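Below are the chains, spelled out letter by letter.
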Amino acid sequence: MRMTLTSAQSPDGVLLAGRAQRLITSATSVGERAAAQALVEEETILARESVQRALGLLDGPAWSPVRWEGLMGRV
């Protein structure tokens, strides 16, 4: 019998969960909060490296601001 990790337990799942939390906590307005929540709930979009890069979630330290304008016209 072989045991495997679920996506939430995998290293990628843990990284994505951390980035999702960063996205939600960085929201400064009601609109940003709604957009962040929608992206987190729709995991397939947020899981894309290009989306994470556009938001600035891959660049810089964890405390750097999320760049919402990076998504304009891309999603």
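A short tour of the structure in this document, coming up. Source: prediction; values computed, not measured.

## Here we look at the side chain of Q52
Next up, step 1: Note that Q52 resides in helix α4 (residues 49–55).
Next up, step 2: Here L46 takes part through its backbone oxygen, which lies 2.9 Å from a polar atom of the side chain of Q52.
Next up, step 3: Those residues in contact with Q52, other than ones at most four positions away along the chain, are L16, R19, L46, A47, L57 and L58.

## Section: the environment of L15
Next up, step 1: Of note, L15 is situated in helix α1 (residues 11–25).
Next up, step 2: In this structure, the C-alpha to C-alpha distance between L15 and A47, residues 32 residues apart in sequence, is 9.9 Å.

## A short note on the nonpolar core
Next up, step 1: Counting residues in hydrophobic clusters, the biggest one holds 14 residues, and the most contacted among them are L23, L39, L46, L55, V66, W68 and L71.
Next up, step 2: Breaking this core down by element, the ones donating at least two residues are α1, α2 (30–41) and α4.
Next up, step 3: The biggest single contributor to this core is α1, with four residues.

What counts and how
- Residues numbered from 1 in each chain as written.
- Predicted model: local features only at pLDDT ≥ 70, side-chain atom pairs only at ≥ 80, totals over all residues.
- Heavy atoms only, no water.
- Helix = DSSP H or I, 4+ residues; strand = E, 2+ residues; numbered from the N terminus.
- Polar contact = N/O pair within 3.5 Å; in protein donor to acceptor, adjacent residues only side chain to side chain.
- Contact = heavy atoms within 4.5 Å.
- Core = buried A, V, L, I, M, F, W, Y, C linked by side-chain atoms within 4.5 Å.
- Buried < 20%, exposed > 50% of the residue type's maximum accessible area, 1.4 Å probe, protein only.

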